[in-house]
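# Structural overview for review
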Amino acid sequence: MQRAALLDAARSLLSEGGTDALTFPALAERTGLARSSVYEYFRSRAAVVEELCEVDFPVWAAEVAAAMDGAASAEGKVEAYVRAQLALVGDRRHRAVVAISASELDAGAREKIRAAHGSLVAMIVEALRDMGHAEPRLAAMLLQGVVDSAVRRIELGAAEEPATITEAAVSMALRGVRG
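I will try to describe carefully the structure that is included in this document. The structure displayed is predicted, hence computed values, not measured ones.

### Brief notes about the packing of aromatic side chains
Evaluated as defined, the whole model comprises two aromatic pairs. Taking 4.4 Å as the distance between ring centres and 55 degrees as the angle between the ring planes, the aromatic pair formed by F24 and Y39 counts as tilted. Residue F24 is located in helix α2 (residues 24-31), and its partner Y39 is located in helix α3 (residues 35-41); the two are separated by 15 residues in the primary sequence. When the centroid spacing of 5.0 Å and the interplanar angle of 70 degrees are considered together, the rings of F57 and W60 count as edge-to-face. Separated by three residues within a single helix, F57 and W60 lie in helix α4 (residues 45-69), roughly one turn from each other. Judged by its relative accessible area of 5%, F57 is buried. Using a relative accessible area of 7% as the deciding quantity, one classes W60 as buried. Geometry around F42 places R3 over its ring, the cationic atom sitting 4.7 Å from the centre.

Given below as structure tokens:
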């Protein structure tokens, strides 16, 4: 239960103040533990980040997969893939993952994030193949780039409303720059 409380506190700190806010003193304060107790659960900030990725990313990916499963066509799956990820932008877990990905992490943590993103991209390859893409894996990586750009735009509080950004990302995913 203490480990779960520490992870929940880490999510809050990351979503409120980015990676700079994720410190062991702040974790201790949020959970009511002694600072030394935090070290009993995690050896470093990177270890906290790695565990957050292990716990949160599969839940996030499952939500995207469920949205895609509800679509009847390949195009519907692509649209669901984009919309589901962008709908998660306001979720604390997502804000934590975005903060994590922007931080300076050790090689192990970076590899876990890359693997998690790889599993997300792998979800859409079949739908892109069904749509006739000659290079569906490459198309999936480029599509994720569109999603990542839209996420950053929403996270930054761009001039456009999140719904406008989402519609533009869906249009880009389905029709490219032709609109």
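### Notes on the packing of α4 against helix α5 (residues 74-87)
Each pair of packed helices can be described by the angle between their axes along with the distance between the axes. Relative orientation of the contacting elements α4 and α5 amounts to 145 degrees, with a least axis distance of 8 Å. Handedness of the crossing formed by α4 with α5: right-handed. On α5, the residues that touch W60, V64, A67, M68 and D69 of α4 are K77, A80, Y81, A84 and Q85. Of the residues contributing to the contact of α4 with α5, the split by class is seven nonpolar, one polar and two charged.

### Looking at the pattern of salt bridges
One pass over the structure, following the stated rule, counts seven salt bridges. Across the salt bridge formed by R11 and D8, the nearest N and O atoms sit 3.7 Å from each other. A residue pair is termed a helical-turn pair when its members lie 3 or 4 positions apart in one helix, as R11 and D8 do in helix α1 (residues 2-17) at three residues. With its nearest N and O atoms 2.7 Å apart, the salt bridge here joins R83 to E167. Pair noted here: R83 is in helix α5 and E167 is in helix α9 (residues 162-175), with a separation of 84 residues, a long-range link. Classification of R83 as partly exposed rests on a relative accessible area of 28%.

Analysis parameters
- Residues numbered from 1 in each chain as written.
- Predicted model: local features only at pLDDT ≥ 70, side-chain atom pairs only at ≥ 80, totals over all residues.
- Heavy atoms only, no water.
- Phe/Tyr/Trp six-rings, centres within 6.5 Å; stacked < 30°, edge-to-face > 60°.
- Helix = DSSP H or I, 4+ residues; strand = E, 2+ residues; numbered from the N terminus.
- Buried < 20%, exposed > 50% of the residue type's maximum accessible area, 1.4 Å probe, protein only.
- Lys NZ or Arg CZ within 6 Å of the ring centre and 35° of its normal.
- Axes fitted to C-alpha atoms, helices over the stretch in contact; angles between N-to-C directions.
- Left-handed = near helix turned anticlockwise from the far one by under 90°.
- Contact = heavy atoms within 4.5 Å.
- Nonpolar A, V, L, I, M, F, W, Y, C, P; charged D, E, K, R; others polar.
- Salt bridge = Lys/Arg side-chain N within 4 Å of Asp/Glu carboxyl O.

In short, the description is geometric, and any link to function would need to be established separately.
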